[in-house]
Every structure is written in structure tokens, then in C-alpha cells.
2 protein chains.
Amino acid sequence: MDKDREQGVDLKTAQRLILGECAALSEETIPLGECVDRFPARSLPALAPLPGFDQSLRDGYGIGRAKEDGEGKPKACFRVVAEVAAGDTRKFRLHPGEAVRIMTGGLVPTGCRGVVPQEYCQVAGSEVEVPVRFLTEDGFFIHSRGSNIARGRVIVSRGTPVRPEHQIDLAGVGYHALPVVKRPRVHFFCTGSELVDPAGGRADGQKFSANPYLLQSLIRLAGAIPQDLGMVEDDLDGVCQILGRIDQSAADVIISTGGMGPGKYDLIEEAFSRIGGQVIYRSLKLRPGKSTIFGLLGKSLFFGMPGPPPAVHLLFNELLRPALLRLQGAKRCTPGQSKACLTEELLLRKRGLPRLKSGRLFFDNGMCMVRPTRQIESANCYISCPAGRRLLRSGEMVRIHLVDGGLASFS
Amino acid sequence: MDKDREQGVDLKTAQRLILGECAALSEETIPLGECVDRFPARSLPALAPLPGFDQSLRDGYGIGRAKEDGEGKPKACFRVVAEVAAGDTRKFRLHPGEAVRIMTGGLVPTGCRGVVPQEYCQVAGSEVEVPVRFLTEDGFFIHSRGSNIARGRVIVSRGTPVRPEHQIDLAGVGYHALPVVKRPRVHFFCTGSELVDPAGGRADGQKFSANPYLLQSLIRLAGAIPQDLGMVEDDLDGVCQILGRIDQSAADVIISTGGMGPGKYDLIEEAFSRIGGQVIYRSLKLRPGKSTIFGLLGKSLFFGMPGPPPAVHLLFNELLRPALLRLQGAKRCTPGQSKACLTEELLLRKRGLPRLKSGRLFFDNGMCMVRPTRQIESANCYISCPAGRRLLRSGEMVRIHLVDGGLASFS
């Protein structure tokens, strides 16, 4: 480990080091109806052209080549030889002067030059007369085979999440199940002798533990599977035990919260090293989140995060979520960024490390605007406060990181 | 039904009519860890103050009132009488001249004036000396009871979805389970004699059915529970049968796709009326989506949507998702809107009804920009094309509707 990593890495370096350890997991096959926000294990080509056959775009009459009258002019009258409903699989061939009654979506017969919408047609018995302008055209109101998607064209690329609209095309070209990258399994535990579960009571001196709830949600929102290993006291043997008990073959990622500060009871790093973990960095040049370690425990990624839940939320957005997305094969996984106009002054307690402050992004007349969150308000972005600055002014353009991927696709 | 509704309602009117029929469903209690994006059945007040007790913000020494030396000056030396770890529930009282060793998060003893961070302290045996500047202050490095959240303060209001950050505060003030509004149960069926499931084969004339996959996903993304009733042929008796079989007490919402156009095989409205459904509107002044009916079947909301999946996607975003959110108690439920600068010319096939075109919103230097989607690209917004206009120019500010609620919270 070089000196930099010993002293602390900046956010970009941390992301690079983490993503460098994340290879896509193995694949599984799931039903098409359940694949939204999953990542295909490989690019998915069209198995068939779309549409799969020439089909009518209107309810009307599919006409063949016109017969000629005595003067060599095309005759506008056709003999109706069949009726083609949507779903009809019978195949017809139209001879000159013949037409079929055809419905929207119906299979266009061989020899059909186009479909005349019924509102333009005059029907008398088994004859239909169409306006002469249709006699000199070709292909009108026919949605021709493969015109939307040619066979083999990629519908969803590797690295891109499947969205509902992709399902339309995927079903259309014949998929009913997809090979996708497995969801990462994330085991987590929270240390802190002061923490108790809110399901029980609390004495003064004890705090209700929030991180287990927060992590469960964040892990699920990132497409991964949470496994809560419980709470542990601030005790080296206890932490070593819980780390040692983890089945590394069942945990793609391990997270701890708490036990990371410089104080007397901070012990995650010691326990992690003692059971053979390899530290990749041990401090982050960022507030909050300075006391964060990242390492490997066997094949599992290990994130030792600080205890305060707001720091956990931030570090999850900036480091964990990218890792979980990359393990699922995502190409773009770090938070989307944008610039926005700050609508309120932002004064930090002190200068120093770069900071990320919770913010609310909103739109005003086509402009991105941002303000710090109020108390008890959820952030939809983080406002980036560069190192060394203490005051960001109202009206200033600031850089923001989007939260939760709600906007990741917009960046 | 007045003439307007007979001839077609505009989008806003449709939304108003639909939301007018949507009252929040009954409540259920779920674990706090599973409540993200659910709506509380009532506003959730803090059950206890946060923090729940005066706690130390630093590892250091909690000092009592200083003793005075012979000249009446406060003495900077304190006798350390105990050690308070985080989680320690023992209660101490500090007499003048006494101090406790205390950890971050530790319970501040009665009579403690403040916590001096350990880096400022000189320790000798059971004595600690602190810088004199701390002797004249009060409350330093103490996070006092209730200073974040007072008891009774509302953490999440009725009508607001629970987000991960709310879980932090909710757990902190003692929640471990929440009363939330139930998820709507949505039964759907797709009509079209031409449709077959992609799990089987397909003959020319038949199409793979995409709507069941699309609807499953969209319904789940809107927080509701999908129930696929299957595919039905374009046949009045068949549609009547499937509608009649639905257990209206188990279906908050019923959706059909297909069978809605003006053609020969369009029959949803007839079947719906025949089994006693009450039509509220039968046409929408919008493209795509003109052929849409909304009504009531007993207590179930009924949406008859057109067959083309892109129209289903759009109508879901504009009408169904708002309904499903309102049934869950959401206050804001119609798609978030913004203005954006169009970066490419948008030419429509014809003038006429207002249109919504699939678009991609992106940010450029703090500005909202939008372009039409390419083929096989998912939309993150719809570009609103006003009635009567055929050409929207590059550089023009256009109104957009956000898709999927990804940005709904930003509007």
C-alpha cells in the first residue's frame, strides 16, 4: 500500500480502486416480466425481425395489382376474395383485380400492393371500389416485416439495465426469459454497544439502531440482496467472531457500520486485519466519510463504514451503489452528476476536506436549481463543496451528485 | 354523461376524473425495513425526542463545574470519577471538580458542563487538566436531548412516500414497524386474436404479446400488485366472460389492452357496458391514447387501453400510475413536469390532437435539454406537443412530463 492510500484517498480514487475489484457476477435466467432494472449477461439481439410479417396498418381493403380497362387504364374495382382478421394465419395470394378485407394487424397477402382504409372504400356486394390515387402507389398502410427491428439487431446491450420499453421489443422479437447477471449478496452488521433495536425498549445511554433499516433499503434499491447479520458490541473478539463466521462464498460484499473513528472503541480495522482481510484504503479525503476502509476478505469486498447513518447514506451512494451496480455488470455506475444553481447560501462549519452536503434538486423554467435539505427531508442529490471553501454563495453554479440513481440515466 | 365526455376529454380532465374516483385503500402494518416508497396511513410523529438523551459529541472528558482556587479563579484540574462508554446506561452526577472519561455518544452525566475533546486534555493518574477556555463555556460538544427532533414532530406526512433517510429518523425515534396504505391489486388482461405468448412459437399473422410483460413491470414500479388474467380473443363473449369472472372485491383496478379502436373487432366498451360497467369517459383528446375508456365496475376502476404497447406505456404514466399512487394515499401523483430546451427538430406526421412524444431529458451545464428518443431507446420523459402544431423547432423550450416517477420528486 502506498503512502497516499495510507493517508487517505480522494473520492474518485476510491471509486476507481473499488470498481477495479468488481467483476460482473455469474448469470441466471429469469422471466421477462421480472427483468426490469436487471442487467443482461450479454447483449440481447433480436431473435426475429419486428414486425415478424407484413401487416396492415388499417382496417380496410388490401388490394392486388389493378386490372386494366379497355383503354389500358387501371380499374378501381376489386373483387373481395377473403377476409383477414388480426391473428389469421391463413396465407393468401392476390391476383390482379383481387382484394381482401383486412383488419389492422392482419397478415398482408402475397401480391398485395397496399391497404386502402375502409373509410375511402365503396363496397357493393363482393366488389370494392377504391380512389384512383391508390392505384399508382405501393406499400401504403403496410407495416413491413423487419421495418422496426431487423433480426440480430441488439435490443439491450450488456451493461445497460432493462427498462419497461425494452420489454416491449424483447417480447416482440421472441424473448420470454433473459440471461441476467445475478444480484450481489450483501451481508452487513452494525457495531455499537450503545445500539438497541427499536422493537425493544431503550434506556438513557442507548440509541435505537437505524443503520440496519437504512442498509436493507439501500441494498435493495441498488438491486442487491441484503442479509442482516445483526448488531455487535464494540468488542474486538465479538467483531472478529462475526467477521469469521461469514461464509465468504455466500457474501459478495460485506459491510460494517460503526467502530471506525479514532477513539478508544474503534476496532473494525484491527479485527479485519486480524482475520486476514487485506486493506486497500483506510481513509477517505471526504466529509462525512473520512473514516472508511475498503478491502478484500477472501473474494468478498469489505466496506467498513462510519456509524452515523447520514454518512452511511452518502457513502452508499458514492461507493457502495456503484460497486453493487458494477457487480451486476453495469457500465455506468457512479452517481450521475450535473451542475445546478444554488438558491441559498451554504456555509460550512470549517474549511478543509471536500464535503458533500445533502441537497434538493429542482427545476425552474428549464434550469437546474439546488438548495440544501431542511431537517427531516430526504436528499435527492449531494452538493459538492470543494476542499478549502467554507462559503458557497446563493446564485453560484455548483456541482451535484444525484442520489439513488433516480436521475442516473439523465446524466 | 355530458357531451364532452362522450366526445373525448383532455388529459387534465381525464386525470381529474380518475383521481376523483381514487380514495386511499385500507392500511396494513409492515416492518420498517420494507417501507421504502410506501405511503404512511397517517402522519408519523416522533414517538420520542432525538437524541433521546444528552450525549457526547467527542471522545474526551466531561467536566463538572470547576472548583475555585484560593484566588477565586476556576481550577483547570478535575478528578476523573468514572468512565462512560457509548451504550453505558449508568447515571452519574458530577460534583464540582469532577469529570468523567466519556466516549462519543456516551450519556452525559448530570452536572456536566461540556465535553473537552481528549486531544486538549492532559491526564496524570486520576486527574485531568483542560485548557482554561473550556471553564467559562457551557454545553460544548454535547448533543442535547431533542435537539434534532422534538417528540411529536412529524417525520413523514400522510401522502409522502417513505424514503431511506426517513427510516433513519423513524428508527431513531422508536419506530420498527409502520402503518401504511395497502398496495393496490391490479388485474389485467390483453385482447387480440393475433397475440401469442413468446414462450411458444409464432406463425405469420400472429404477434408475440408484449403488454403482459410491460404491465407487470409498470404495475410493480408503481407500487402495486399485478395479477395477469391472461390473453383473450377478440370476441364479445370471451371478453364478457373474463370481465365477469373478475372478483371485484379482489381487484382495485382492472386493465384491458386492445379491442379499443374503431374497427370491426373492437369490443371492450360493448362488453364492459353489457356486464354493467359504468363508463366515465370513452375517448381522450390525446395521441397516442385517443381510444381509451375509463369507468367503474362495481368498486373497481376500469381502464380500457389501446393495444399498441407504446400507447400503453404512455397512458400508464399519465393516468394509471397517478391512480395507483393516489390509491396508496399519495398527495402528488401526476407526472412531474418541467420545461426543457429541445435539441433536435421534432416534426409530427400531422396536426391535430395534442401529442406526447417519447424523449430523453439530459442536463447540460445546469440546463434541462431534451431530444426525441431514438429507436430501441427507453424514454425518461414525454415531450408535450400542443394541439395544432406540427413542427417543434430545435432550440425551442418545450414542456415535458417525466416518466416513471424517476424525477417526480424533483418537480
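Rules of the game
Residues numbered from 1 in each chain as written. Chains lettered and ligands numbered in written order. Predicted model: local features only at pLDDT ≥ 70, side-chain atom pairs only at ≥ 80, totals over all residues. Helix = DSSP H or I, 4+ residues; strand = E, 2+ residues; numbered from the N terminus. Rg over C-alpha atoms; globule rule 2.2 N^0.38 Å. Contact = placed C-beta atoms within 7 Å. Pairing = 2+ DSSP bridges. Axes fitted to C-alpha atoms, helices over the stretch in contact; angles between N-to-C directions. Buried ≥ 20, exposed ≤ 12 C-beta atoms within 10 Å, placed from the backbone. Least-squares fit on C-alpha atoms with pLDDT ≥ 70 in both. Domains from an automatic or database assignment. pLDDT = per-residue confidence, 0-100. Arc of directions from axis to C-beta. Parallel < 35°, antiparallel > 145°, perpendicular 65-115°, else oblique. Left-handed = near helix turned anticlockwise from the far one by under 90°. Nonpolar A, V, L, I, M, F, W, Y, C, P; charged D, E, K, R; others polar.

Novice: Would you explain the overall build of chain A in this entry?
Specialist: What chain A contains, in helices and strands, is 7 helices and 27 strands. Here the C-alpha radius of gyration of chain A, 31 Å, is well above what a compact globule of 411 residues would show, namely 22 Å. Here the analysis covers contacts within chain A between residues at least 6 apart in sequence; of these, 70% occur between residues at least 24 apart.

Novice: Looking at this structure, I do not really get the sheet that holds strand E13 (residues 185-191) of chain B. What am I missing?
Specialist: Either a parallel or an antiparallel arrangement is found when strands of a sheet pair, and the pairing is made through backbone hydrogen bonds. Residues and elements named next belong to chain B. Read across the open sheet, the 6 strands follow the order E16-E13-E17-E20-E19-E18; overall the sheet is mixed. Strands at the two margins of the open sheet, each flanked by one partner only, are strand E16 (225-232) and strand E18 (278-281). Sheet twist, expressed as the mean angle between neighbouring strand axes with direction ignored, is 20 degrees. In this sheet, strand E17 (residues 253-257) lies alongside E13 in parallel orientation, the contact comprising 5 bridges. By the bridge assignment for E17, His187 is matched with Ile254.

Novice: Hey, could you run me through the sheet that holds strand E4 (residues 60-63) of chain B in this one?
Specialist: Residue and element names in this part refer to chain B. Across the sheet, 6 strands lie side by side as E7-E4-E6-E5-E9-E8; this open sheet has mixed pairing. Strands at the two margins of the open sheet, each flanked by one partner only, are strand E7 (114-117) and strand E8 (122-124). Here the strands of the sheet are splayed against their neighbours by 35 degrees on average, with no regard to which way each runs. Direction of pairing for E4 relative to strand E6 (residues 98-102): antiparallel, over a ladder of 4 bridges. Bridge pairing in E6 links Gly60 to Ile102.

Novice: Honestly, the pairing of E17 of chain B in this entry has me stumped. Any pointers?
Specialist: Both faces of the sheet carry side chains from a regular strand, because those side chains alternate between them. Residues and elements named next belong to chain B. Buried residues dominate E17, accounting for 5 of its 5 residues. Where burial is concerned, the two faces of E17 agree: the one with Val253, Ile255 and Thr257 and the one with Ile254 and Ser256 are both buried. Relative to strand E20 (residues 300-305), E17 is paired through 5 bridges, and the arrangement is parallel. Among the inter-strand pairings, Val253 is bridged to a residue of E20, identified as Leu301.

Novice: Sorry if this is basic, but what is going on with the relation of the copies chain B and chain A here?
Specialist: Two chain copies, one operation linking them: a rotation about an axis together with a shift along it. After a rotation of 180 degrees and a shift along the axis of 0.0 Å, chain B superposes on chain A with an RMSD of 0.0 Å. In the structure described here, the two chain copies are related by an operation that fits a two-fold rotation axis. A share of 100% of interface residues in chain B that are also interface residues in chain A marks the association as one of identical surfaces.

Novice: When you look at the domain arrangement of chain A in this model, what are you seeing that I'm missing?
Specialist: One frequently used descriptor of interface size is the decrease in accessible area upon assembly of the parts. Split by domain assignment, chain A resolves into domain 1 (3-25 + 182-327), domain 2 (30-49 + 149-180), domain 3 (55-143) and domain 4 (337-410). Of note, the centres of domain 1 of chain A and domain 2 of chain A, computed from C-alpha atoms alone, are 34 Å apart.

Novice: Any chance you could explain the confidence of the model for chain A here in plain terms?
Specialist: Regions with low pLDDT carry predicted coordinates that are not meant to be interpreted in detail. All names here are of chain A. Here chain A shows a mean pLDDT of 92. Residues at 70 or above account for 95%. For the stretch residues 407-411, pLDDT sits under 50, and the model shows 19 contacts to residues farther than four places along the chain or on other chains. In the predicted complex, the global pTM is 0.93; the interface-specific ipTM is 0.93.

Novice: Help me out: how do you make sense of helix H5 (residues 236-245) of chain B in this one?
Specialist: A turn of α-helix holds 3.6 residues, and therefore any two residues three or four places apart point the same way. All names here are of chain B. Looking only at H5, the buried set comprises Val239, Ile242 and Leu243. Relative to the axis of H5, the buried residues are bounded by an arc of 100 degrees and lie together on one face. Exposed residues pointing more than 90 degrees away from the buried face of H5 are listed as Asp237, Gly244 and Arg245. Buried residues belonging to H5 abut E13, E16 and helix H6 (268-274).

Novice: What am I meant to see in the packing of helix H4 (residues 211-221) of chain A against helix H3 (residues 164-172) of chain B here?
Specialist: Two quantities define a packed helix pair, namely the angle between the axes and the distance from one axis to the other. The N-to-C vectors of H4 of chain A and H3 of chain B enclose an angle of 165 degrees; their axes lie 8 Å apart at closest approach. By the angle class used here, H4 of chain A and H3 of chain B are roughly antiparallel. At the point where H4 of chain A passes H3 of chain B, the crossing takes the right-handed sense. Only Pro164, Gln167, Ile168 and Ala171 of chain B of H3 of chain B make contact with H4 of chain A, whose side of the interface consists of Tyr213, Leu214, Ser217 and Leu218 of chain A. Residues that form the contact of H4 of chain A with H3 of chain B fall into these classes: 6 nonpolar, 2 polar and no charged.

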